[in-house]
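The chain contents come next:
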Amino acid sequence: MAVNLVINLNAALTIPLIHIHCWLDSTVALYRIKGKGDHRQFVMNLVQKIRQHGEVTWHHVPTRENPADLGSRGDDVKDNQLWKEGPAWLNDPSRWPQDVTLVPDEQTRAEEKVKVKNEIAAATVIKSDVFDELLEKYHLPKVLRILGYVRHFVSNCKRQTEEKVTGPISTDEVEQQELWWIRQAQQAVQDDAQFRTDQLRLNLLQND
């Protein structure tokens with residue numbers, strides 16, 4: 001990320017820097033960095049890393065005056081003044097572009113709606129566990145493989161050296177993990193009053 005480049009460059013310079021300013025032409029990214037709105041977990045993780053560096057001030061630059069945009073378009077920058085020295089106003093803070101008014105676009109609004117739905121759904125969860133936490137970061141097949149390897153490790157700790165299991169986990173082991181967690185989820189709701197009401201109303205019977 002750009003913030004990593006700036007911080008590493010600052011650490012490498014022998015000249016102390018009092019202020020660090022960065023520019024970008026994406027109003028969506030600027031909206032997020034400046035703490036506007038709530039976003040999906042992946043976006044929030046990136047934004048939080050940027051916000052950790054409070055010494056960096058972020059500004060908006062018009063696309064036509066953004067040197068980085070020249071490179072991303074594949075333009076010839078050999079004799080381009082903007083590419084070599086940046087915008088003409090860069091060295092004069094009094095001429096810096098005024099900050100734009102940041103408003104959410106359709107993408108950020110959609111992210112906020114997703115979070116609201118997730119929070120409503122989360123209110124119905126009885127108890128969070130390691131399975132829930134892993135599912136927030138990875139897709140289900142990967143979570144089942146991770147837990148399969150954990151089970152391998154625990155089992156090997158109880159075995160003699162010659163009995164230890166090595167190699168990748170099998171498809172059967174992944175399916176066993178999935179079945180085990182399904183049973184855990186079922187057991188977690190059995191003591192819930194609403195579940196007992198639904199069980200009687202729908203005449204649900206427990207499998208042996």
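In what follows, the structure referred to is the one given above.
Residues numbered from 1 in each chain as written. Predicted model: local features only at pLDDT ≥ 70, side-chain atom pairs only at ≥ 80, totals over all residues. Heavy atoms only, no water.

(A) Looking closely at the pairing of strand 1 (residues 20-24). Covered by surrounding structure in strand 1 are Ile20, Cys22 and Leu24 only, the residues His21 and Trp23 on the alternate face being uncovered. The pairing of strand 1 with strand 2 (residues 56-60) spans 5 bridges and is parallel. Considered in strand 2, the bridge of Cys22 is made with Trp58. (Buried < 20%, exposed > 50% of the residue type's maximum accessible area, 1.4 Å probe, protein only. Helix = DSSP H or I, 4+ residues; strand = E, 2+ residues; numbered from the N terminus. Pairing = 2+ DSSP bridges.)

(B) A look at the packing of aromatic side chains. All told, the structure shown has 3 aromatic pairs when counted by the stated rule. Measuring from ring centre to ring centre gives 5.9 Å for Trp23 and Trp89, while their planes differ by 55°; the resulting arrangement is tilted. One end of the pair, Trp23, is in strand 1; the other, Trp89, is in the loop between helix 5 (81-85) and helix 6 (106-122), and 66 residues separate them in sequence. For Trp23, a relative accessible area of 22% translates into the label partly exposed. (Phe/Tyr/Trp six-rings, centres within 6.5 Å; stacked < 30°, edge-to-face > 60°.)

(C) Layout of a nonpolar patch on the surface. A cluster of nonpolar side chains, contributed by Leu9, Leu13, Ile15 and Leu17, occupies part of the molecular surface with about 380 Å² of accessible area. If you trace the backbone, Leu9 turns up in helix 1 (residues 2-12). (Patch = residues over 30% accessible without salt bridge, like charges linked within 9 Å, V, L, I, M, F, W, Y side chains within 5 Å. Areas by Shrake-Rupley, 256 points an atom, 1.4 Å probe, with all protein chains shown as cover. Salt bridge = Lys/Arg side-chain N within 4 Å of Asp/Glu carboxyl O.)

(D) Representation of the packing of helix 8 (residues 140-157) against helix 9 (residues 171-189) within the structure. Closest axis-to-axis distance for the helix 8/helix 9 pair is 9 Å, and the angle between their directions is 100°. Here helix 9 runs roughly perpendicular to helix 8, going by the angle between their axes. Here helix 8 contributes Leu140, Leu144, Arg145, Leu147, Gly148, Arg151 and His152 to the contact with helix 9, which in turn contributes Glu173, Val174, Gln176, Gln177, Glu178 and Trp181. (Axes fitted to C-alpha atoms, helices over the stretch in contact; angles between N-to-C directions. Parallel < 35°, antiparallel > 145°, perpendicular 65-115°, else oblique. Contact = heavy atoms within 4.5 Å.)

(E) Inspection of the nonpolar core at higher detail. Counting residues in each nonpolar core, the largest one holds 10 residues, listed as Val3, Ile7, Ile20, Cys22, Leu24, Leu30, Ile33, Ile50, Val56 and Trp58. At the level of elements, helix 1, strand 1, helix 2 (27-33) and strand 2 are the ones that each hand at least two residues to this core. The element best represented in this core is strand 1, accounting for 3 residues. Setting aside residues up to four positions removed in sequence, Ile33 forms contacts with Leu24, Val47, Ile50, Arg51 and Trp58. (Core = buried A, V, L, I, M, F, W, Y, C linked by side-chain atoms within 4.5 Å.)

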